[in-house]
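Architecture at a glance
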Amino acid sequence: MEPTSSTLADKADGQSLGRATGKAHWLDTYFGVSRRGSSLKTEILAGIATFLASMYIIVVNPAILSDAGIPFSAALSATVLISFMSSLAMGLYARNPILVAPGMGMNALFTYTLVLGAGLSWEVALGCVFWSGVLFATLAMFNVREAIIDAIPPSLRYAITCGIGLFITFIGFKNAGFIVGSDATLVTLGNMDASLITFFIGMMATAIMVIMRFNGALILGIALTTLLATPMGRMWGGDVVVEWNGLAAWPDFSAVMKVDIWGALKVAYLPFIFVMLFTNFFDALSCFMALSESADLKDKNGNPRNLKRSMTVDAFASMIAAPLGTSAAQTFIESGAGVAQGGRTGLVAVTIALLFLPFLFLSPLLSLVPGIATAPALVLVGLFMLAPISKIDWSRFEQAFPAFLAIILMPLTYSITLGIAFGFLSFVLIKLATGKLYDIKPAMWVSAALSVVMLVTTH
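Residues numbered from 1 in each chain as written. Predicted model: local features only at pLDDT ≥ 70, side-chain atom pairs only at ≥ 80, totals over all residues. Heavy atoms only, no water.

So the rule is basically this: UniProt positions are given in the numbering used here, feature names are shortened, and annotations may be inferred rather than shown by experiment.
The chain carries the name NCS2 family permease in an unreviewed UniProt entry, which gives Billgrantia antri as its organism. The chain has a UniProt comment under Sequence similarities (unreviewed entry) that states "Belongs to the nucleobase:cation symporter-2 (NCS2) (TC 2.A.40) family. Azg-like subfamily." Looking at the chain in UniProt, the text filed under Subcellular location (unreviewed entry) is "Cell membrane".

Description of the packing of helix α8 (residues 154–175) against helix α18 (residues 416–433)
Inclusion rule: For helices, the axis comes from a line fit to the C-alpha atoms of the stretch in contact; other axes are also lines fit to C-alpha atoms, and the angle between any two N-to-C directions lies between 0 and 180 degrees. Secondary structure elements are taken from DSSP: a helix is a run of H or I of four residues or more, a strand is a run of E of two residues or more, and numbering for both begins at the N terminus. For this classification, under 35 degrees means roughly parallel, over 145 means roughly antiparallel, 65 to 115 means roughly perpendicular, and everything else is oblique. Each helix crossing is assigned a hand: it is left-handed if the near helix lies turned anticlockwise from the far helix by less than a right angle, otherwise right-handed if that turn is clockwise. Residues count as neighbours in contact if any of their non-hydrogen atoms are within 4.5 Å of one another. In this classification, the charged set is Asp, Glu, Lys and Arg, the nonpolar set is Ala, Val, Leu, Ile, Met, Phe, Trp, Tyr, Cys and Pro, and all remaining amino acids, among them Gly, are polar.
At a closest axis distance of 10 Å, the pairing of α8 and α18 adopts a crossing angle of 155 degrees. Of the possible angle classes, the one that applies to α8 and α18 is roughly antiparallel. For the pair α8 and α18, the sense of crossing is right-handed. Residues Leu156, Ile160, Ile164 and Phe167 of α8 lie in contact with α18, whose contacting residues are Ile416, Ile420, Gly423, Phe424 and Phe427. Residue composition of the contact of α8 with α18, grouped by class: eight nonpolar, one polar and no charged.

Considerations on unusual backbone geometry
The cut-off we apply is this: The classification of residues rests on relative accessible area computed with a 1.4 Å probe and restricted to protein chains. Under 20% of the type maximum is buried, over 50% is exposed, and intermediate values are partly exposed.
In the Ramachandran plot, Arg213 falls in the positive-phi region, its phi being about 60 degrees despite a non-glycine side chain. Tracing the sequence through the fold places Arg213 in the loop between α9 (194–211) and α10 (217–229). You can call Arg213 exposed: its relative accessible area is 74%. The backbone of Tyr414 sits at a positive phi, close to 55 degrees, despite the residue not being glycine. Mapping Tyr414 onto the fold places it in the loop between α17 (397–413) and α18.

Structural notes on the environment of Val59
You can see Val59 is positioned in helix α3 (residues 57–66). Residue classification places Val59 among the buried positions, given a relative accessible area of 4%. C-alpha separation for the pair Val59 and Leu368, spaced 309 residues apart in sequence, amounts to 9.8 Å. Ignoring any residue separated from it by four or fewer positions in sequence, one finds Val59 in contact with Phe72, Leu366, Val369 and Thr374.

Observations concerning the pattern of salt bridges
Cut-off, in case you're wondering: Think of a salt bridge as a Lys or Arg side-chain nitrogen and an Asp or Glu carboxyl oxygen that are within 4 Å of each other.
Under the defined criterion, the tally for this structure stands at four salt bridges. The shortest N-O distance in the salt bridge between Glu398 and Lys431 comes to 3.3 Å. Of this pair, Glu398 sits in helix α17 while Lys431 sits in helix α18; the two residues are 33 residues apart in sequence, bridging distant segments of the chain. Here Glu398 and Lys431 have matching classes, each one buried. Take Glu398: its relative accessible area is 17%, and that puts it in the buried class. Connected via shared salt-bridge partners are Arg396, Glu398, Lys431, Lys436 and Asp439.

So, helix α14 (residues 346–356)
Burial analysis of α14 places nine of its 11 residues in the buried class, the great majority of the element. If you check which residues of α14 are buried, you get Gly346, Leu347, Val348, Ala349, Val350, Thr351, Ile352, Ala353 and Phe356.

What about the packing of aromatic side chains?
Describing an aromatic ring pair means giving the distance of the ring centres and the angle of the ring planes. The condition is simple: For this analysis, a ring pair means two rings from Phe, Tyr or Trp (six-membered ring only for Trp) whose centres lie within 6.5 Å, classed as stacked if their planes differ by under 30 degrees, edge-to-face if by over 60, and tilted for the remaining angles. The rule is short: NZ of Lys or CZ of Arg within 6 Å of the ring centre and within 35 degrees of the ring normal puts a charge over the ring.
Inspection of every chain in the model, using the stated rule, returns 15 aromatic pairs. Ring centres of Tyr30 and Phe31 lie 5.0 Å apart, and the angle between their planes is 85 degrees; on these two criteria the pair is classed as edge-to-face. Classification of Tyr30 by relative accessible area gives partly exposed; the value is 24%. Positioned above the aromatic ring of Tyr30, the side-chain terminus of Arg95 is 3.8 Å from the ring centre.

Notes on the pairing of strand β3 (residues 186–189)
Keep this limit in mind: A pair of strands is labelled paired if DSSP reports no fewer than 2 bridges between them.
As paired strands, strand β2 (residues 179–182) and β3 are joined by four bridges and run antiparallel to one another. Paired with Gly181 across the two strands is Val187, which belongs to β3. Once β2 ends, the chain turns through three residues before running back antiparallel as β3.

Concerning the environment of Trp250
Here Trp250 is to be found in the loop between α10 and α11 (270–295). Judged by its relative accessible area of 73%, Trp250 falls in the exposed class. A C-alpha to C-alpha distance of 7.8 Å links Trp250 and Leu360, two positions 110 residues apart in sequence.

Description of α10
Condition: By definition here, a helix of n residues has an expected span of 1.5 Å times n minus one.
In a regular helix each residue adds 1.5 Å, so 13 residues correspond to 18 Å; α10 covers 18 Å between its end C-alpha atoms and thus fits that length. Listed as buried for α10 are Ala217, Leu218, Ile219, Gly221, Ile222, Thr225, Thr226 and Ala229. Looking at the packing, one finds that the buried side of α10 touches α2 (40–54), α3, α9 and α16 (371–384).

Laid out in structure tokens, this is it:
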């Protein structure tokens, strides 16, 4: 009996459904979606939520790196590429719902401490990023995180995150012209002109959207402030001019492989490499710990799930970031947005990676964004990073004083490394003076010694 056309159609539909079901089954099996109590739809929506919460980095990171001399379009291409590659690896290899992208704090350290502060070329600074990634990868592979965690007191770890947050906020205010230099008072409020008013409106609007829990509040704030800034330089005063340069273009790879790996191998640069390693290592570990607690992403022993693999991905992302032309990549705490939506597996990270990719071709559109439009995001990111300040025991002065120095000196000296250096040195000196040598672990002695080297060689 010859098959009818309807029979053939039903057979074709069945084969298509079977292929689709097979793909869905493979994804479910590989990522353990059902086993984690989730679904494919939930995982994809969670990936979209995390992307919306963190896509501000596509604009903000190039804006910061351009201050170091890296072309905006080249930094944007590098940002998108490393975010795509490292998030994909986090999803496929570590199978965790975590975004990896160029980190806030690391880009500030790169630009304002290494390049503008210490006078390194951005190529040599990228070399420092590379070597910090090599050391990170070594620590991750040999699984020595417990020894390092035990060496650095929690109060200093919290303080460093808070200090970097204040530093980033200060940069945001400076970039907007909200805070300017003053011979009489060192710093003061800028002129109440169109630029400052536009920034203030954008900052308040962004803060309100964050309070109201808008998805993608930071990127919406950047877009709104850019629109408000469009008439500036045309309809009223101000030196900010928003110009249309087109919608899309081929990626700019002019910064790829410009890293000076061997030029970064100087004794004077070792403290910078160490600070990058320290900051990235503890940011990654803190992020994994926080997310594992909030979403129960733990193994049978109660430790963060696939921690060694996740740390390895983070480490190699830092190594790869330098040859691509950007500061170190790290885990993003904004991954919590996807976790809050129910995301539990690596499929979330794969979704995020794929969402980054189209922006590789949108550098002309994104170059529209002026500095005053990214400034509100910097101010609020700094606020988010101040959250650990409540974990510092301010009643114990021997812990509070080093933590306070680390926090306050970062913005006041315009240097992340100086804040860390004086925090470490004061901790060691206080322990020495009070006869508590047993509180100083070997890694802390090394940290203090590197701090002295940095202070002597760079100042």
